[in-house]
Each structure stands twice: as C-alpha cells, then as structure tokens.
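# Secondary and tertiary structure notes
Listed below, chain by chain, are the residues.
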Amino acid sequence: MYLGLDLGTSGLKGLVIDAAGSVVAQSSAPLSVSRPHPGWSEQDPAGWISAARAVLRDLAGTIDMGAIAGIGLSGQMHGATVLDASDTVLRPCILWNDTRADAQAARLDADPRFRAISGNIVFPGFTAPKLVWMAEEEPDLFARAAKVLLPKDYLRLWLTGAHVAEMSDAAGTSWLDVGARDWSDDLLAASGMTRNQMPALVEGTAISGGLRAALGAEFGLRSGIPVAGGAGDNAATAIGMGIARGGQGFVSLGTSGVLFAATDSYAPAPQTAVHSFCHALPGQWHQMGVILAATDALNWFSGIAGASAADLTANLGALQPPGRPLFLPYLGGERTPLNDAAIRGAFIGLDHATDRAAATRAVMEGVVFALKDCQQALAATGTQLDTLLAAGGGARSEYWLSALATALDLPILVPQAGDHGAALGAARLGLMAATGAGAEAMPLPPIAREVAPDPALTTAFADTYTRYRAAQTAIKDLT
C-alpha cells in the first residue's frame, strides 16, 4: 500500500491506496490559523507534526501499516518555515494567504530578473518577499535563518531528516528558475539569500529520503521506506485527477479558487498574473489562474447571514440569470489577473428586493466571474481548455457548477463520489517513487456526470461579466 499525506491550511489528511490505486483508508486532523495582525496568516509548524501523528495513529488502528511501501507528500504552497542551524523553527510559518510582504514583493517584482527567470510575478504570498520582510522587520531572527522550507517539506524533515523540496512547490517561491528547474543564485542573492539556505531539489516522482527508524517503530511502518518528492497542493490534485498533458485541466472551488491547465512546455506570461509552475512530473509544467476567495467568500457570507453555506445553497433551484446585485470577492486582495493585495470586496446593486437567496447567488456568481477572469488570462497566454474536471468542496453545489459552466462556456466533468484530490495525488506519487511506475499510475477518475453550459443563459452571464469588469475597475481605488 501507499500513503499520501496532504498538509492543507485547515487540516492534514492521510490517505492510503493499494497497488491498484484504490483507496483503502483515510484519516484527517484539523489545523488552525492565527491572524495576529490585519493581513497576517500564520501557523505553528509544531501543529503540523501533532496532526500528522494523530493521522498516523488513527490509520494504524485501521490497517496494517507494515504493508505501506511508499509515502508521498502534498501541501499548501508558498509558506515560509524558517529554521536555525539546529532545525529549530524560528517563528510561526508565514502562510500563502498572508499579505504583510506587499511592499517587499513590489520591490522584488520591479527587478526584471524575477519575472524573466521565475516566469512569474512576485506575489506578496510567495516565499521570497516574506524573507525580505523578515530581514527588515525581524533582523535578529533573519540572521539565524539557516534553512527555509515549504510547509510539506518541514513534514518531510520530520519523516526523513532530510532538507528536500520538489519542483512544483519550489516554483512558487520566486527563487526557482522554472524553465531550468533549479534554484537561481541571482534571485536568491537579490532577496538576501544563498543556495545553502535552500533545500535540495528532486522531481515529484523521485525518492527524497527514507523514513526514520524511530517513526517506523512508533507507527508500525517499515524503516527506510521511500518518501517521494511529492507536490504542491494544486499539482498534487492534478495527479489525483489524472491531469498531466496539455489541454487537460481542472477547476477547484476550495478556500481559494484555481483554474489549472497542464502544459507540455514552459511558456510563461507573467504580465497576465497567471502562475507558470513546474508540474510534479519530470519535463512537464502547468499554468494556474488563482483567486484568493472561493468557498471562503461563501463561508464569509454565511457568517453574516447566520446560516451555514449548505443551507444557503440548498434551495436555490435551477440556474437563474444573474440579478442586479453584484459581488466582487476580494476579501483579502486578489491574484489573477489583478495582482492587488490592497483591493477589497464589495456588494453593489443592492435594493429592497435583494433577499438572502439573491445575495447568496450574487456571492457565488462573483466567484464564478473571478474564475472567468482566470480563463481570460490563460487564453491570453495561448492556453485553451476543452473540458474541465471539478474539484474542491464547492463542487458539491450543482448551482455553482452550472453557473461556472455557463460563464466559462465549457462543460465541467464531475468525478464519481470518492477522493480525487491532493491526498490521492500524494499517494500516487508515493507509489511512483517506490515502484518506478509512470503515468499509468494516475488514470482519470470515473466521471459521474457532465454539467453543460446553459445556452439560454450564456448571454446573460456574459453581459453581467461585463458589468463585473466595470465594477472591478471602479472599486479599485475606493476599497
């Protein structure tokens, strides 16, 4: 069997597959986020280890852990886990959705080498500007920084004792030469760092180290079993959904929203604010349009409305044309295509007729239009998608998927019930590292149904998207 560990923002999940790729066991443990100041988002890495221990103990009560032959890792991207020379964590990890380093990111991005070498805008949530922030705001701690690890790679350190990263996650640091798949000494130096402070790099399907004997004894695992390079969460989700070749893609309605497209070559276009990253497979890349609030926007509204997100969406009925209310989901800034950490969200067009259902639809439509922005940005790079697979908790809403298919004018394929996400992708990468298997180990999931665009409503959604773009411009300097 093969174990995938997915270190998310709100929880850590463990999933075990057999040699045929079928899921045989899974477990999860919750994680909390600290927000000590506006725009800050942090986690204590000790909580990740506690969660991993809880998951492994739970799995050990369900299956024969001695039958696990490989482990793969997935995780939230961009986090700065800073260690001293003895591998002691120096401060809470600064997470992907933290915007404190906005000014530092802008300064790095103004250096043309960053876009030219990394292929991406330097976003405030990326890792490099966080270390520049540390150098300026926490100089004593920065002076002790011996290694910087991404979140899942801190979990790897605990598992194996090795400082290792892999290409898909490293691509989101602003320190990687994404085309060459190697750290850039120029970009490191420009942010006050050195190659010695970076982990070693492997491909996602490669072995990064072996399980420490002490952990094997603690959980009934065989000592030394291989731990794969793994992947950042979105690349791991693509592996879990069988998306590896150009033209294949998925749309994720998770805390954040992602429009993911696999590509057969490296073709960056940073001016579009599209992310161009390495895939978890050797010689493959991918592009992503990313919005910062998808289900997060609906959960925010549910807190105001005093009802759960499930209750808000349960009785919306068949897809309707967008109404007068318009919602812009920029609760914590936006990435694609705006690259604006300061912009904030807005409701406009409210009137006496705006009830809870109308406001709920407006929130969902706002997320849809933000993902339409991502589709437009991908198209500007020459990337076209024929169909999309649905992923994320928001994909359980038929109304949301119908609105998305209609706005994007693309059919959306919904996998059959089961787990096809990042934890499965991590487990598949563990299998590939342990056995040498290739793409045959990552088939597309069985499809339950296709959500087609509603041709009677495509014009209404297109017209409202035009209003959305106009509102986006109008609120930029007001929020």
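Notes on the structure follow. (Residues numbered from 1 in each chain as written. Predicted model: local features only at pLDDT ≥ 70, side-chain atom pairs only at ≥ 80, totals over all residues. Heavy atoms only, no water.)

In this section: the pattern of salt bridges. Here the structure, examined in full by the defined rule, presents 20 salt bridges. The residue K152 makes a salt bridge to D169 at a minimum N-O spacing of 3.0 Å. Of this pair, K152 sits in helix 6 (residues 151-160) while D169 sits in helix 7 (residues 167-170), placing them 17 residues apart in sequence. The same class applies to K152 as to D169, namely buried. (Salt bridge = Lys/Arg side-chain N within 4 Å of Asp/Glu carboxyl O. Helix = DSSP H or I, 4+ residues; strand = E, 2+ residues; numbered from the N terminus. Buried < 20%, exposed > 50% of the residue type's maximum accessible area, 1.4 Å probe, protein only.)

So, about the packing of helix 1 (residues 45-60) against helix 6. Contact geometry of helix 1 with helix 6 gives a least axis separation of 10 Å together with a crossing angle of 60 degrees. With respect to each other, helix 1 and helix 6 are oriented oblique. For the element pair helix 1 and helix 6, the recorded crossing hand is right-handed. Taken together, the residues of helix 6 that come into contact with helix 1 (itself represented by P45, W48, I49, A52, R53 and L56) are P151, Y154, L155 and W158. Looking at side-chain class alone, the contact of helix 1 with helix 6 contains nine nonpolar, no polar and one charged residues. (Axes fitted to C-alpha atoms, helices over the stretch in contact; angles between N-to-C directions. Parallel < 35°, antiparallel > 145°, perpendicular 65-115°, else oblique. Left-handed = near helix turned anticlockwise from the far one by under 90°. Contact = heavy atoms within 4.5 Å. Nonpolar A, V, L, I, M, F, W, Y, C, P; charged D, E, K, R; others polar.)

Across residues other than glycine, the phi torsion is negative in most instances, and most of the peptide bonds are trans. Residue P337 is reached from T336 by a cis peptide bond, and omega for that bond is -5 degrees. Checked against the element boundaries, P337 lands in the loop between strand 20 (326-328) and strand 21 (346-348). Residue D87 is not a glycine yet carries a positive backbone phi of 70 degrees. Along the polypeptide, D87 turns up in the loop between strand 6 (81-83) and strand 7 (93-94). Even without being glycine, N339 reaches a positive phi, approximately 50 degrees. You can see N339 is positioned in the loop between strand 20 and strand 21.

So, about the packing of aromatic side chains. Overall, the coordinates contain 15 aromatic pairs when judged by the stated rule. Centre to centre, the rings of W40 and W133 are 5.4 Å apart; their planes meet at 90 degrees, and the pair counts as edge-to-face. Separated by 93 residues along the polypeptide, W40 in the loop between strand 3 (23-30) and strand 4 (42-43) and W133 in helix 4 (residues 127-137) bring together distant segments of the chain. For the pair formed by W40 and W133, the shared burial category is buried. Every member of this aromatic cluster is reached through a ring pair, and the members are W300, F301, F327 and F347. Note that R100 overlies the ring of W40, its terminal NZ or CZ placed 3.5 Å from the centroid. Over the ring of W133 we find R100, and its NZ or CZ is 4.7 Å from the ring centre. (Phe/Tyr/Trp six-rings, centres within 6.5 Å; stacked < 30°, edge-to-face > 60°. Lys NZ or Arg CZ within 6 Å of the ring centre and 35° of its normal.)

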